[in-house]
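# Tertiary structure, described
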Amino acid sequence: MVLGTLALLAASALTTPPEATRAAGTRPCDIYATAGTPCVAAHSTARALFGSYNGPLYQVQRVSDGATSAIGVLAPGGYANAAAQDSFCSGTTCVITVVYDQSSRHNDLTVAPAGGAGGADNPAPADALPVTVGGHPVYGISFSGVMGYRDNATDGVATGARPEGMYMVTSGTHYNDRCCFDYGNAETNNLDTGNGHMDAIYFGTLCWFSPCNGSGPWVMADLENGLFQSNAGGSTNGSYTGDRSPYVTAVLKNNGTNYFAVKAGNAQSGALATRYAGPLPTSRPGYSPMQKEGAIILGIGGDNSNGAIGSFFEGAMTSGLPTDAAEAAVQASVVAAGYGGPSPVPAGTLTAGSTLSLRATTPGYTDRFIRHQAGNAVTSIITSSSPALDKADGSWIVRRGLADPSCVSFESRNYPGDFLRHYNFRVYRQPMDGTAIFRADATFCPRPGRSGTGTSLASYNYPTRYLRHYDNTLFIASNGGPNPFDNAASWAADVSWTVSPPWTA
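Keep in mind that what you see is a predicted model, and the values were worked out from it rather than measured.

### Here we look at the state of the cysteines
For the structure on display, the rule yields five disulfides. A disulfide bridge connects Cys89 with Cys94, and the sulfur atoms are separated by 2.1 Å. As the torsion about the S-S bond is roughly -110°, the Cys89-Cys94 disulfide counts as left-handed. By the burial criterion, Cys89 is buried, and Cys94 matches it. Disulfide partner of Cys207: Cys212, at an S-S distance of 2.0 Å. One quick way to see it: the torsion about the S-S bond of Cys207 and Cys212 is about 95°, and its sign makes the bridge right-handed.

Written as structure tokens, this is what we have:
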């Protein structure tokens, strides 16, 4: 009966309007509990993972005076109160020092200490990953290397060969090939203690065992001393070439003795796909049975290998092996949450939270819009018949200026946590790393159009330089100067932009 109920829930949640599904109070940890595999850890900076949860999600600390504040939910079972963070951190910057466990186990994650493969980690910046979930502004956690969280003294997390499952919501647009962007079970002493002493989800492009099909990033199982796509190590699934959706659901379960499974899916739509399900590795010793230790890590490897980058929005770990039906229902709950949905702020304005596109006003170029392409900021012709990718690349979310809230920053619509920023006067799309220089480089102050029409965007840290298109590439340019892109000819028109409704809302 439980399996039938969960299957019905999964099917209905994929076809029911998100608000109706959310109103039913079916959060991931409610689903796992109904299936007999309760959550022993539940972490999120975006929302409650229990329908009745009304406590803190995470703690932020002000850099200016060291004061801390716990950020909770707007209502029981609801979304994070991002406005409380914005108010507390106003006029300074904040970092995330604790990610609270929403389960009764209190397996809270704090900044990770030094380990066998890396020194002490840094806390992640609190405002580096602004997103909209269910129409509410919230913050994810953006890891940009040497950042991580850990709990070595947990309660209820699987040890030895006990079964467990876990999932996380991450991003297929923010990753690298360094070790190791993990969430899950690890060693309790911050050291590599041998094969089978870890059981964590990994996401990235570090290909430990060949073959790895496509260019990734891939969801894999970090079982210590190996990132596994199958019992053989490398992929046995020729169709799995990676997950590049802006929001990705990654799932791992392991019975501790002879079976594990890896699944992945688009966290905005659709169902999970099984990437592997079968025996644990047996050609290498230590994995069958497992020798789990029961610590929890986030953003790092078990020995504190901390070179990876990544994004984290939510995740949970269970006691016992979840059923396929339970995991399908959890995916349905994630989809219903509405990651990356439209902002409630009216589109086409420079108000924080609005989504817009920026159109050139230079005669002969008025069909061109600012977009990103392979990480570069350029202008391209975009029309109603353009491919969906072009439209998404040419849409931006207005955020409060990362260096000055009276100005603005532009977050990519389809690369969560990536912003327009200048470097050596050229403009790029890059992930926010929390540094003061990035904040300044990614902040632009609106001014009346220098040509007498539209809006011009002055660089925060080079106020005589404005966002300009030159040879279809974006720069911050002065009106005359030593560089070709500073040419005074058509400068006023090239730095004036029409704020337009977004191509992708």
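### Observations regarding the sheet that holds strand β17 (residues 273-278)
What the six strands build is an open sheet, ordered β1-β20-β10-β15-β16-β17; its pairing is antiparallel. The sheet is open, and its two borders are formed by β1 (39-44) and β17, each paired with just one other strand. Ignoring strand direction, the axes of neighbouring strands in this sheet form an average angle of 5°. Here strand β10 (residues 164-170) pairs with strand β15 (residues 248-254) via seven bridges, running antiparallel. The residue bridging Met168 from the neighbouring strand is Ala250, located in β15.

### Things to note about the sheet that holds strand β8 (residues 136-144)
Sheet strands line up and pair through hydrogen bonds in the backbone, either parallel or antiparallel. One open sheet holds the three strands; their spatial order is β7-β8-β19, and the pairing between them is antiparallel. Two strands close off the open sheet at either side, each with one partner strand: β7 (129-133) and β19 (309-312). The mean angle between the axes of side-by-side strands here comes to 30°, regardless of whether they run parallel or antiparallel. Relative to β19, β8 is paired through four bridges, and the arrangement is antiparallel. When the bridges of β19 are listed, Ser144 appears paired with Ile309.

### Describing unusual backbone geometry
A negative phi angle is the norm for most residues apart from glycine, just as the trans form is the norm for most peptide bonds. Omega for the bond connecting Ser210 with Pro211 falls within 30 degrees of zero, at 0°, which places this linkage in the cis form. Of note, Pro211 is situated in the loop between β12 (199-204) and β13 (218-222). Of note, the bond from Gly216 into Pro217 is cis; its omega dihedral lies within 30 degrees of zero at 0°. Relative to the elements of secondary structure, Pro217 occurs in the loop between β12 and β13. Even without being glycine, Glu224 reaches a positive phi, approximately 80°. Relative to the helices and strands, Glu224 resides in the loop between β13 and β14 (227-228). Unlike most non-glycine residues, Ala374 shows phi in positive territory, near 55°.

### Overview of the confidence of the model for the chain
Here the chain averages 94 in pLDDT, and 95% of its residues register 70 or above. Within the model, the stretch residues 1-24 combines pLDDT values under 50 with 33 contacts to residues more than four positions away or in other chains.

### Looking at the nonpolar core
The biggest cluster of nonpolar side chains holds 85 residues, and the ones touching the most others in it are Val60, Ile141, Tyr167 and Tyr339. Among the elements that line this core, the one with the most residues is helix α5 (residues 324-337), at five residues. Formed by 17 residues, the second largest nonpolar core is a distinct cluster that contains Leu356, Phe410, Leu467 and Ile476.

### Observations concerning the pattern of salt bridges
Scanning all chains against the criterion turns up 19 salt bridges. A salt bridge links Lys263 to Asp324; the shortest N-O distance between them is 2.8 Å. Placement of the pair is Lys263 in strand β16 (residues 260-266) and Asp324 in helix α5, with a sequence separation of 61 residues. Salt-bridge contacts for Arg399 lead to Glu411; the nearest nitrogen and oxygen are separated by 2.7 Å.

### Describing α5
In this model α5 runs 20 Å from its N-terminal to its C-terminal C-alpha over 14 residues, within 8% of the 20 Å that 1.5 Å per residue would give. Here α5 lies mainly inside the structure; twelve of its 14 residues are buried. If you check which residues of α5 are buried, you get Ala325, Ala326, Glu327, Ala329, Val330, Gln331, Ala332, Ser333, Val334, Val335, Ala336 and Ala337. Immediately beyond the C-terminal end of α5, within one or two residues, lies Gly338, with a positive phi of roughly 85°.

### Topic: the environment of Gly72
In this structure, Gly72 sits in the loop between β3 (68-71) and α4 (82-88). Counting along the chain gives 26 residues from Gly72 to Ala46, while the straight-line C-alpha distance between them is 9.6 Å. Once you skip the residues sitting within four places of it in the chain, Gly72 turns out to touch Gly55, Pro56, Leu57, Tyr79, Ala80 and Asn81.

### Things to note about the pairing of strand β18 (residues 295-298)
Alternating positions in β18 separate into two faces, Ala295 and Ile297 on one and Ile296 and Leu298 on the other, with burial throughout. Looking at chain direction, strand β9 (residues 149-151) and β18 are connected through three bridges and run antiparallel. Bridge pairing in β18 places Tyr149 opposite Leu298. Here strand β11 (residues 182-186) runs beside β18; their pairing, made up of four bridges, is antiparallel. Among the inter-strand pairings, Tyr183 is bridged to a residue of β18, identified as Leu298.

Parameters and conventions
Residues numbered from 1 in each chain as written. Predicted model: local features only at pLDDT ≥ 70, side-chain atom pairs only at ≥ 80, totals over all residues. Heavy atoms only, no water. Disulfide = S-S within 2.5 Å. Buried < 20%, exposed > 50% of the residue type's maximum accessible area, 1.4 Å probe, protein only. Pairing = 2+ DSSP bridges. Helix = DSSP H or I, 4+ residues; strand = E, 2+ residues; numbered from the N terminus. Axes fitted to C-alpha atoms, helices over the stretch in contact; angles between N-to-C directions. pLDDT = per-residue confidence, 0-100. Contact = heavy atoms within 4.5 Å. Core = buried A, V, L, I, M, F, W, Y, C linked by side-chain atoms within 4.5 Å. Salt bridge = Lys/Arg side-chain N within 4 Å of Asp/Glu carboxyl O. Expected span 1.5 Å × (residues − 1).

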